[in-house]
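Listed below are the residues making up each chain.
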Amino acid sequence: MYRSFRRTALVGLILAATPLAAQDAPSAPPQPPVAAKKPYQVKAPFGAVREDEYYWLRDDTRKNPEMLAYLNAENAYADAVLAPTKPMQEALFKEITGRIKQDDSSVPYLDNGYYYYTRFEVGGSYPIVARRKGSMDAPEEIILDQPEMAKGANFFQIGSRQVSPDNRLLAYAEDKVGRRQFVLKVKDLTTGKTLEDSIPNVQAGFAWAGDNKTIFYIEKDPVTLLGKRVKAHVLGTPASADRLVYEEKDDTFSLGIGTTSSEKYICIYSSKTVSDEQRCAPVANPTNFTVLAPRATDFLYGADHVGNRWVIRTNWNAPNYRLMTVADTATGAGKAAWKDIVPHSAQVFIEGVQPFDNYLAIEERSGGNKRLRLLGNDGKSSFVEADEPAYSMALSTNAETATDWVRYSYNSLTTPSTVIEANMKTGERRTLKVTPVPGYDASKYVTERVWATARDGTKVPVSLVYAKGFKKDGTAPLFQYAYGSYGYSTDPAFSPMLPSLLDRGMVYAIAHIRGGQEMGRAWYDQGRMFNKKNSFTDFIDVTRFLVEQGYAQKGRVAAMGGSAGGLLMGGITNMAPQDYGAIVSLVPFVDVVTTMLDPTIPLTTGEYDEWGNPENKASYDYMLSYSPYDQLKRGAYPAIFVGTGLWDSQVQYYEPAKYVAKLRTLKTDTNPLIFRTNMEAGHGGKSGRFERFKEQAEYLAFALDQLKVK
């Protein structure tokens, strides 16, 4: 109605101002692009064949003129269809960015004698990274002037940074494309000059040796983008001379590297969904790396070092994990030498741990929420609890281990991010910072936790927020979000966009569906591999529960998810299109079988334990039964907004491009199907503090327009 009213009003103005003979006929509505169909067969090793007429949209060079013309045509169509929502986009962008303090800064943290922090200047899109020696009263040293570094770049990101043990040099990873193929660079912090050392195609994350001149980094495969080789680079020498330290031969594993909390060991981490392996060497002499425990299927662990012991989080005979320890003297003795610190619990899932000299700070999940447990070396423990029914609590930066204070963050759907310190000895707490949100009044909103019953009887936690005074009369519009993959838990957290929805009468919900780990490891296992459809049905059942309970009006529901959450959006669109008035699907993983059949595509080989390997017929058949691209059928679909980035390395642009092209030929409704490609970005969208809010304002305005929210 809003769109037709706008058009009618404009025509009326023209009629009033123009003689009858000179009137132009109303312009025809924009027509969506039509992608060409070209025969192509996708074959599986066991003989299965599928026709994919839009396979040609894949171009790994991103230079095919016909492909680019199609993406640009879709962008032009999106511009035309979304033009009537421009006022709403502008209003949302102004509201959202108006809740961000322009000259905000982070809470400084102490590391090796320096206080590190980031700060924004008014209007700045990128933060300045700075430090002060010994005290915040000392002179400021700018170590990365990102606003200056980003000048002239269409995309800019610092993936990670690491200061040398002597505080003199800074190694950092820079990306100016958006494909996460970082360039390793080194800056001399005493002179401010960037050294000539420059290593392309590396993974973010590295470690300094104790000699202050050797950097350990991970080299990526240029095709699959998998981290494959750990190398050691000596400053001042050519990259071609870098020493190979370790090569991961198994493409189902991914690599990581870092330094332990004690800063005594450099560790290389090999991991996949069902197996971990960690090898470490002393920082002082990192030549021989010792495996802490050899890899084995269904054996997961991660070890950190502090004092003269290792603290190990592992699922060994413990589905919800337990904490164990082993002394330095038995570093390579294997898991038989490990001793319990915190035993396994069927009710509590141990998600993380930060060791200190005299304490352990433990992230535990119980009842769908995450809390902190503080455990002393004397065996006494206490909990950091919360007053709200649904919240997010997580360990923050704790670079120093010789302290009684642990720093953590807290927020909820109504409480802005808050940095707090708790004294592990006395129990004292002190708030270091509440993120300022100009014009925001938390007392105007209410958050709650409800439990929806899924079709198999499982109780699914749901976090809700709405404006105070909201009535459950079944007339409200609902915005529902979920992710539900990789064991990633979606904790309820404040966003500056939330008040813009709530003040317009909407209810916002996070469905903590199976596939995450909100309810423990079993919650994840029940939402992956041959249980993946539980994620889709959980989301649908949450929607129906909220409608039945009067939180929302049937059909007046917008659903959103991104990446693997985009797979979720594709699944619910095919399974229950009538339940949703709008779908927002960002960088969506929608062509499951074709992608997982191709080991050259980034992420494929490392995700066989998440989705299955379609070279196996049973996995192929199950994946095909829910793959959004393959399950598209002729019929009516809700209004859909699909967004992607041309340079996305996680979910390639051609997956959503093919999905949209095919859907256009099958949908029988008149609801809009929008496909927006950011031609200068990757998986996370545009870089810069405010650019992403322009993208957010666009898809939010689309959803609000479809739900008739003003």
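Note that the structure is predicted; figures quoted are calculated from it, not measured.

A. The nonpolar core, seen in detail. With 117 residues, the main nonpolar core has Phe479, Tyr508, Phe539, Leu546, Ile572 and Tyr580 as its most contacted residues. Sorting elements by how many residues they give to this core places helix 13 (residues 691-706) first, with eight residues. With near-sequence residues (within four places) excluded, Ile572 lies in contact with Phe536, Phe539, Ile540, Ala559, Pro577, Tyr580 and Ile583.

B. Inspection of the sheet that holds strand 25 (residues 369-376) at higher detail. Here four strands make up an open sheet; going across it, the order is 23-24-25-26 and the pairing antiparallel. The two strands at the open ends of the sheet, each matched to only one other strand, are strand 23 (349-355) and strand 26 (381-384). Averaged over all pairs of adjacent strands, the angle between strand axes in this sheet comes to 25°, irrespective of strand direction. Relative to strand 24 (residues 359-366), strand 23 runs antiparallel, the two sharing six bridges. Bridge pairing in strand 24 links Ile350 to Glu364.

C. Just empty space enclosed by the protein, in detail. Scanning all chains against the criterion turns up two cavities of 30 Å³ or more. If you add up the space inside the largest cavity, you get close to 40 Å³. The wall of the largest cavity is formed by Tyr55, Arg58, Asp591, Thr594, Thr595, Ile601, Tyr654 and Lys658. Broken down by secondary-structure element, the contributors of at least two residues to the lining of the largest cavity are helix 9 (592-596) and helix 12 (654-666). Here the residues of the lining of the largest cavity sort into three nonpolar, two polar and three charged. Counted as a void, the second largest cavity has a volume near 30 Å³. Residue lining of the second largest cavity: Gly566, Met569, Gly570, Thr573, Ile583, Ser585, Ile640 and Tyr659, and that is the complete set. Here the lining of the second largest cavity is built from residues that sort into four nonpolar, four polar and no charged.

D. Spotlight on the pattern of salt bridges. One pass over the full model with this rule turns up 48 salt bridges. One salt bridge in this structure joins Arg50 and Asp630, with 2.9 Å as the shortest N-O distance. You can see Arg50 sitting in strand 2 (residues 49-51) and its partner Asp630 sitting in the loop between helix 11 (617-624) and strand 37 (639-645), a full 580 residues away along the chain. The closest approach of N and O atoms between Glu148 and Lys151, which form a salt bridge, is 3.0 Å. Classification of Lys151 by relative accessible area gives exposed; the value is 58%. Overlapping salt bridges, with partners in common, bring together Arg50, Asp52, Asp591, Asp630 and Lys658 in one network.

E. Local environment of the packing of helix 7 (residues 533-548) against helix 8 (residues 564-575). Where helix 7 contacts helix 8, the axes come no closer than 9 Å and their chain directions differ by 65°. As far as their axial angle goes, helix 8 and helix 7 are roughly perpendicular. As helix 7 packs across helix 8, the resulting crossing turns out to be right-handed. Of the residues in helix 8, those touching helix 7 at Ser535, Phe536, Thr537, Phe539 and Ile540 are Leu567, Leu568, Met569, Gly571, Ile572 and Met575. Along the lines of polarity and charge, the residues of the contact of helix 7 with helix 8 split into eight nonpolar, three polar and no charged.

Conventions adopted
- Residues numbered from 1 in each chain as written.
- Predicted model: local features only at pLDDT ≥ 70, side-chain atom pairs only at ≥ 80, totals over all residues.
- Heavy atoms only, no water.
- Core = buried A, V, L, I, M, F, W, Y, C linked by side-chain atoms within 4.5 Å.
- Buried < 20%, exposed > 50% of the residue type's maximum accessible area, 1.4 Å probe, protein only.
- Helix = DSSP H or I, 4+ residues; strand = E, 2+ residues; numbered from the N terminus.
- Contact = heavy atoms within 4.5 Å.
- Pairing = 2+ DSSP bridges.
- Axes fitted to C-alpha atoms, helices over the stretch in contact; angles between N-to-C directions.
- 1 Å grid on protein atoms, 1.4 Å probe; cavity = no way out; pocket = protein on both sides within 12 Å on 5 of 7 lines; lining within 4 Å.
- Points joined across faces, edges and corners; volume = space filled by probe spheres on them.
- Nonpolar A, V, L, I, M, F, W, Y, C, P; charged D, E, K, R; others polar.
- Salt bridge = Lys/Arg side-chain N within 4 Å of Asp/Glu carboxyl O.
- Parallel < 35°, antiparallel > 145°, perpendicular 65-115°, else oblique.
- Left-handed = near helix turned anticlockwise from the far one by under 90°.

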